[in-house]
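Spelled out, the chains give:
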Amino acid sequence: MHLFQVGAGSGGIAVLDLVVRDPRVTRVTLVEPDVYAPHNVYRYLFPPSAVGRRKSELAAEWVRAIRPDVAFEALAADITDPARQESFARLAGECDIGICAADNEAAKFAFDALMRAANKPWTLGEVLSGGIGGWVHRFAPGGACYGCVASHLQREVKEAPSAPPPDYSSPNATQPELTIPASKASIAVIAGLHACVTLGEEPNPPTPFPKKEGGAEPEPKDENTPSAPLSPPSFLGKGVGGLGSSPHAESLLFSLQAVPGVFDAAFRSRRLRIPRSPTCLTCGAPAAPAGDALDSAVADALARLGGQ
Amino acid sequence: MGLLDTEPGKRRLLAVEVPAIERYNTGRDPDFRICVTRVGGGLVLAYALKPCYNVYRMETRLLSSYPIVPPETRVLTPLKHCPHLLEGQTMCLWRQGSTRAASRWDASQFTCVFAVVAAWRWLLCYEVWHETGEWPLPEAK
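These remarks concern the structure in this document. (Residues numbered from 1 in each chain as written. Chains lettered and ligands numbered in written order. Predicted model: local features only at pLDDT ≥ 70, side-chain atom pairs only at ≥ 80, totals over all residues.)

1. Here's the deal with the overall build of chain A
Stage number 1. Broken down by element type, chain A carries eight helices and eight strands.
Stage number 2. The buried share among the 308 residues of chain A stands at 41%.
Stage number 3. The contacts in chain A between residues at least 6 apart in sequence include a share of 70% that link residues at least 24 apart. (Helix = DSSP H or I, 4+ residues; strand = E, 2+ residues; numbered from the N terminus. Buried ≥ 20, exposed ≤ 12 C-beta atoms within 10 Å, placed from the backbone. Contact = placed C-beta atoms within 7 Å.)

Below, the structure written as structure tokens:
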């Protein structure tokens, strides 16, 4: 079984460590552009002496140590890099399932586009800021896309990073993190759920929340969404089209802390079945030509609109 | 996604944004149509709006990361400093973390023409504010 993973940050490396131990996994391709930084150390698998090395290299060494029989390819690349889209599309076409552990919206949308084009299932894990809980989403070919889910959950994308300006006099200096970091323990819990969902190992049916959790996430919008169990089939067990053309994305929200206005209690789960939106402009856009014909059509359109 | 340098970006542009702009321009006075120029990896939409009494020259930028990142709209016509106006006469249209539907950019539901219409609404509020001192719409929540 070939896994195609994007992201080997503190959550991604934990998911990778769990899924690669499954004997069904025979090949893994990892895309991760970042370098191991000092602030990564306390919630990562690797020691301080590894600071400065590429995370993709460290992940490769880790996997080869625990599963030398797995064909592992680590690419130090950005999944949004336009110059590499062709090779990423080939990898998406070759894999059996995708795993997204990226922490930015651009990477999630880019991975979604690759997996939809390849008609392959994929999963996404997200630890909420501060480690108060997290999401695991499962996407099936032909079903709701990440755009449908982001729209349903009313997600925001920051227009500009709120980071301080870079210190050009000391480019390797430690930079403060932009979000409230989660603990390694909370990351491990969400990574464990992400690995279970990816491998098709269903946790026990959850106890639903007694009431709405507050303003962080909306109530389900229709009859398809309330507390429905995740579909039992395993992506891996059923193989590439195991979920067929399910029109829903399946999402698991798990709380790790009680937070006023967000989570009533810790250690509660909530499951959503998010339908494919008929008006989604990400997955429901009309067909367009491909390759050179697309470039030509775009150039024509811009010339037409430039002359208005 | 890369609006002009990836297949998904170009498909979005051709299948969603261009038809929306063409529908907006259809039958409109030439001075008020959207004119599109390529700038680097993104696009600039130049147009004029007349919400009530005055005509305003406008510019909406679709960055390379559009539509994941919202469009940025600024008023080229000089304005009196007012609420909801950011540096460079950029309109504050999409509040971060807002739960109000109209204050949140949704890449999967909106086109760039939505940003143009939102700018028209903002200018209408500006003209009301200019006359009364009151911004007629509530703050984003």
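2. Examining the overall build of chain B
Stage number 1. When helices and strands are counted, chain B shows two helices and six strands.
Stage number 2. Counting helices and strands in the order they occur from the N terminus, chain B gives α-β-β-β-β-β-β-α.
Stage number 3. For a compact globule of 141 residues, the expected C-alpha radius of gyration is about 14 Å, and chain B comes in at 15 Å, within 12% of that figure.
Stage number 4. Overall, the C-alpha framework of chain B stretches about 50 × 35 × 25 Å when taken along its three principal axes.
Stage number 5. Across the 141 residues in chain B, those meeting the buried criterion constitute 39%.
Stage number 6. In chain B, the proportion of contacts linking residues at least 24 apart, taken out of those at least 6 apart, comes to 47%. (Rg over C-alpha atoms; globule rule 2.2 N^0.38 Å.)

3. Examining the pairing of strand β1 (residues 35-39) of chain B
Residues and elements named next belong to chain B.
Stage number 1. Here β1 pairs with strand β2 (residues 42-49) via five bridges, running antiparallel. In the sheet register, R38 faces β2, and the bridge partner there is L43.
Stage number 2. Hairpin geometry of β1 and β2 is characterised by an intervening segment of two residues between the two adjacent antiparallel strands and by a positive phi of about 60 degrees at G40. (Pairing = 2+ DSSP bridges.)

4. A short note on the interface of chain A and chain B
Stage number 1. Taken together, the 35 residues of chain A in the interface contact 37 residues of chain B.
Stage number 2. Elements with a contribution of two residues or more to the side of chain A that touches chain B: α4 (105-118), α5 (146-152) and α8 (291-306) of chain A.
Stage number 3. Ranked by residue count, the leading element in the side of chain A that touches chain B is α8 of chain A, at seven residues.
Stage number 4. Looking at side-chain class alone, the side of chain A that touches chain B contains 20 nonpolar, 11 polar and four charged residues. (Nonpolar A, V, L, I, M, F, W, Y, C, P; charged D, E, K, R; others polar.)

5. Comments concerning unusual backbone geometry
A negative phi angle characterises most non-glycine residues, just as the trans form characterises most peptide bonds.
Stage number 1. The residue after Y66 of chain B, namely P67 of chain B, is reached through a cis peptide bond having omega 5 degrees.
Stage number 2. Looking at the secondary structure, you find P67 of chain B in the loop between β3 (56-62) and β4 (72-75).
Stage number 3. Backbone geometry places N119 of chain A, a non-glycine residue, at a positive phi of 60 degrees.
Stage number 4. Within the fold, N119 of chain A resides in the loop between α4 and β5 (122-127).
Stage number 5. The phi dihedral of H84 of chain B falls on the positive side, at around 65 degrees, and the residue is not glycine.

6. Some remarks on the sheet that holds β5 of chain A
Residues and elements named next belong to chain A.
Stage number 1. As summarised here, the arrangement of the eight strands in space is β3-β2-β1-β4-β5-β6-β7-β8, forming an open sheet in which the pairing is mixed. Strands with a single pairing partner mark the edges of an open sheet, and in this sheet they are β3 (71-75) and β8 (269-275). Strand-to-strand twist across the sheet, computed as the mean angle between neighbouring axes with direction ignored, equals 15 degrees.
Stage number 2. Pairing analysis gives five bridges linking strand β1 (residues 2-6) to strand β2 (residues 27-31), with the strands arranged parallel. Bridge pairing links H2 to R27 in β2.
Stage number 3. In the packing of helix α2 (residues 55-66) onto the sheet, the strands contacted are β2 and β3, and the crossing angle to β3 comes to about 170 degrees. (Axes fitted to C-alpha atoms, helices over the stretch in contact; angles between N-to-C directions.)

7. Quick notes on the pairing of β1 of chain A
All names here are of chain A.
Stage number 1. Most of β1 is tucked away: four of the five residues are buried.
Stage number 2. In this fold, β1 hands off to helix α1 (residues 10-19), which returns the chain to β2; that crossover is right-handed.
Stage number 3. In this structure, β1 lies alongside strand β4 (residues 97-100), joined through four bridges in parallel fashion. Each residue of the ladder has a partner; that of V6, found in β4, is C100. (Right-handed = clockwise from strand over helix to strand, strands pointing away.)

8. Notes on the environment of S49 of chain A
All names here are of chain A.
Stage number 1. Within the element layout of this structure, S49 appears in the loop between β2 and α2.
Stage number 2. Residue classification places S49 among the exposed positions, given that 9 C-beta atoms sit within 10 Å.
Stage number 3. Each C-alpha atom, one on S49 and one on M115, is 36 Å from the other, the two residues being 66 residues apart in sequence.

9. Concerning the packing of helix α3 (residues 85-94) of chain A against α4 of chain A
All names here are of chain A.
Stage number 1. Between α3 and α4, whose axes approach to 9 Å, the crossing angle comes to 55 degrees. Classified by the angle their axes make, α3 and α4 are oblique. For the pair α3 and α4, the crossing hand works out as right-handed. Listed contacts from α4 to F88, A89, A92 and G93 of α3 are L114, M115, A117 and A118.
Stage number 2. A per-class count over the contact of α3 with α4 returns seven nonpolar, one polar and no charged. (Parallel < 35°, antiparallel > 145°, perpendicular 65-115°, else oblique. Left-handed = near helix turned anticlockwise from the far one by under 90°.)

10. Some details on the nonpolar core
Stage number 1. By size, the foremost hydrophobic cluster in this structure holds 106 residues, and its most contacted members are L16, V19 and F111 of chain A together with A119 of chain B.
Stage number 2. With nine residues, the top contributor of residues to this core is helix α6 (residues 184-199) of chain A.
Stage number 3. Sequence-distant contacts of F111 of chain A, defined by excluding residues within four places in its chain, comprise V6, I79, G98, C100, A102 and W122 of chain A. (Core = buried A, V, L, I, M, F, W, Y, C linked by C-beta atoms within 7 Å.)

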